[in-house]
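Structural description and commentary
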Amino acid sequence: MTQTRYDVLAIGNAIVDVISDADDAFITAQNLNKGGMTLIDAERAQTLYDAMGPGREISGGSAANTLAGLSRLGHKTAFIGQVAHDQLGDVFAHDIRATGIDFDVPARPGQPPTARCLILVTPDAQRTMNTFLGAAQFLPETAIDKSKIEASAWLYLEGYLWNAPESRAAMTGAIAIAKKAGRKVALTLSDAFVVDGHRDEFFALMDDGSLDLLFANDTEVRAMMQTEDTEAAVAALAARVPMLVCTHGAAGAEAHRGDEHARVGAEKVERVVDTTGAGDLFAAGVFAGLAEGRSLEDCLTMGAVCAAEVISHYGARPEADIRKLVAKRLGS
């Protein structure tokens, strides 16, 4: 097997987050799904944007957020995602490259515009996400760089992007390239609504050996196994994939890899400000731990440290030196 150039190459939605404070009355008045993620069209995106208070524009996207964390942890990464040739597309490209992530997918001309996620953060730190996928869902197979996938230890796929036929085809092609090159493939389920639409397809990926690692939260594992028993769902799903990482919010996280099992609690946070990106940064810590050959418990602890940092401020990208935070926590 040839030497790798990247620790992780991710394929995901190229999104700019617009984050604004809101109260529960606004959430109710706008008929929003508090604490969840809802896909919206261009018209609804404009209407909601006009109704929101002052916002902060920060490059986001689940897989891209994970790579940003990995880069801050000292690991080499690359991203494949689609933006439009517009202002937000320029913002996204500038931000991701400035983070040290290799990104060279050409911007898409014309409509639709670059994807954006309108995020309302309530006083209880819950984030209500409303996503207009725009250009992100039109990721063509031609954007898949075969040589970069072959040079990546891990190919990481964002479940959100599985919803669009064009991007799903691109991701399927990427899986084939990675497996032929002897590389590992990871998938994050992203949301229960993604699971509901593609449960059988995800099981097929597990059954044919395409997946080496699955990231999920307790809601998603219950949706996959169609049960309200989280413990039973985790056990059943772990039996179908080489490695399962399941997060449980404030209750911590667990990982299963064959006969190995580890569980850690959540790290203490003085004040939870915004939970956007918690799962994304958790995945960054886990990937970093795997790249460094650490134990399952250390991998989970690294994820918990990174998640704790990102929920202590607005936005889904780390602001503190998470590499130092991890080293201090692990005593190394």
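Because the structure is a prediction, the values reported are computed rather than measured.

1. A closer look at the sheet that holds strand β6 (residues 115–121)
Ordered in space as β3-β7-β6-β2-β4, the 5 strands form an open sheet in which the pairing is mixed. Of all strands in the sheet, those with a lone pairing partner are β3 (37–39) and β4 (56–60), marking the two edges. The mean inter-strand angle of the sheet, taken between neighbouring strand axes irrespective of direction, is 25 degrees. Here β3 runs beside strand β7 (residues 127–132); their pairing, made up of 3 bridges, is parallel. Along β7, the bridge assignment pairs threonine 38 with asparagine 130.

2. Looking at the UniProt feature "domain: Carbohydrate kinase PfkB" (unreviewed entry) in the protein
This chain's UniProt record puts "domain: Carbohydrate kinase PfkB" (unreviewed entry) on residues 57–318. Helix makes up 40% of residues 57–318 and strand 20%, whereas the separation of the span's terminal C-alpha atoms amounts to 15 Å.

3. Observations regarding the packing of aromatic side chains
Following the criterion strictly, the structure yields 9 aromatic pairs and no others. Ring centres of phenylalanine 79 and phenylalanine 92 lie 5.8 Å apart, and the angle between their planes is 50 degrees; on these two criteria the pair is classed as tilted. Of this pair, phenylalanine 79 sits in strand β5 (residues 77–80) while phenylalanine 92 sits in helix α4 (residues 87–98), and the two are 13 residues apart along the sequence. There is no split in this pair, since phenylalanine 79 and phenylalanine 92 are both buried. Aromatic side chains phenylalanine 215 and phenylalanine 287 sit 5.4 Å apart centroid to centroid with 55 degrees between the ring planes, which places their arrangement in the tilted category. Here the residue phenylalanine 215 occupies a position in strand β10 (residues 213–217), and phenylalanine 287 occupies one in helix α10 (residues 278–291), the gap between them amounting to 72 residues. The exposure classification of phenylalanine 215 matches that of phenylalanine 287, with both residues buried.

4. Concerning the sheet that holds β10
If you trace the 8 strands from one edge of the open sheet to the other, you get β5-β1-β8-β9-β10-β11-β12-β13, paired in mixed fashion. Both edges of this open sheet fall to β5 and β13 (260–264), since each of them pairs with a single strand only. Recorded for the sheet is a direction-independent mean angle of 15 degrees between the axes of neighbouring strands. The sheet contact formed by strand β9 (residues 184–188) and β10 spans 3 bridges and is parallel. Bridge pairing in β10 links alanine 186 to leucine 213. Helix-sheet contacts for helix α9 (residues 230–238) involve β10, β11 (243–247) and β12 (253–257), and the interaxial angle to β11 is about 155 degrees. Helix α11 (residues 296–310) contacts β11, β12 and β13 of the sheet and is inclined by roughly 30 degrees relative to β13.

5. Concerning the environment of valine 273
By the element assignment, valine 273 lies in the loop between β13 and α10. Valine 273 gets classed as buried once you look at its relative accessible area, which sits at 10%. Note: C-alpha distance between valine 273 and arginine 329 (56 residues apart in sequence) is 22 Å. Those residues in contact with valine 273 that sit more than four places away from it in its chain are Val121, Ala125, Ile311, Ser312, His313 and Tyr314.

6. Side note on the pairing of strand β1 (residues 6–11)
Burial of β1 is extensive: 5 of the 6 residues sit out of reach of the surface. The sheet contact formed by β1 and strand β8 (residues 152–158) spans 5 bridges and is parallel. Looking at the pairing, isoleucine 11 lines up with leucine 157 of β8. With 4 bridges connecting them, β1 and β5 associate as parallel partners. Considered in β5, the bridge of alanine 10 is made with phenylalanine 79.

7. Regarding the layout of surface pockets
Within this model, the second largest pocket holds a volume of roughly 160 Å³. Looking at the second largest pocket, the residues that line it are Val18, Ala42, Ala45, Gln46, Tyr49, Glu57, Leu88, Pro113, Arg116, Leu118 and Phe132. Where the lining of the second largest pocket is concerned, the elements lending two or more residues are α2 (42–51) and β6. Counting residues per element, the lining of the second largest pocket draws most heavily on α2, which supplies 4 residues. Split by residue class, the lining of the second largest pocket holds 8 nonpolar, 1 polar and 2 charged.

8. Considering unusual backbone geometry
Put simply, glutamine 111 and proline 112 share a cis peptide bond, and its omega is -5 degrees. Notably, asparagine 31 is not glycine yet its phi reads approximately 55 degrees, a positive angle. For asparagine 31, the position within the fold is in the loop between α1 (24–29) and β3. At serine 190, a position not held by glycine, the phi torsion is positive, near 75 degrees. By the element assignment, serine 190 lies in the loop between β9 and α7 (192–207).

Criteria and cut-off values
Residues numbered from 1 in each chain as written. Predicted model: local features only at pLDDT ≥ 70, side-chain atom pairs only at ≥ 80, totals over all residues. Heavy atoms only, no water. Pairing = 2+ DSSP bridges. Helix = DSSP H or I, 4+ residues; strand = E, 2+ residues; numbered from the N terminus. Axes fitted to C-alpha atoms, helices over the stretch in contact; angles between N-to-C directions. UniProt positions renumbered as here; feature names shortened; annotations may be inferred. Phe/Tyr/Trp six-rings, centres within 6.5 Å; stacked < 30°, edge-to-face > 60°. Buried < 20%, exposed > 50% of the residue type's maximum accessible area, 1.4 Å probe, protein only. Contact = heavy atoms within 4.5 Å. 1 Å grid on protein atoms, 1.4 Å probe; cavity = no way out; pocket = protein on both sides within 12 Å on 5 of 7 lines; lining within 4 Å. Points joined across faces, edges and corners; volume = space filled by probe spheres on them. Nonpolar A, V, L, I, M, F, W, Y, C, P; charged D, E, K, R; others polar.

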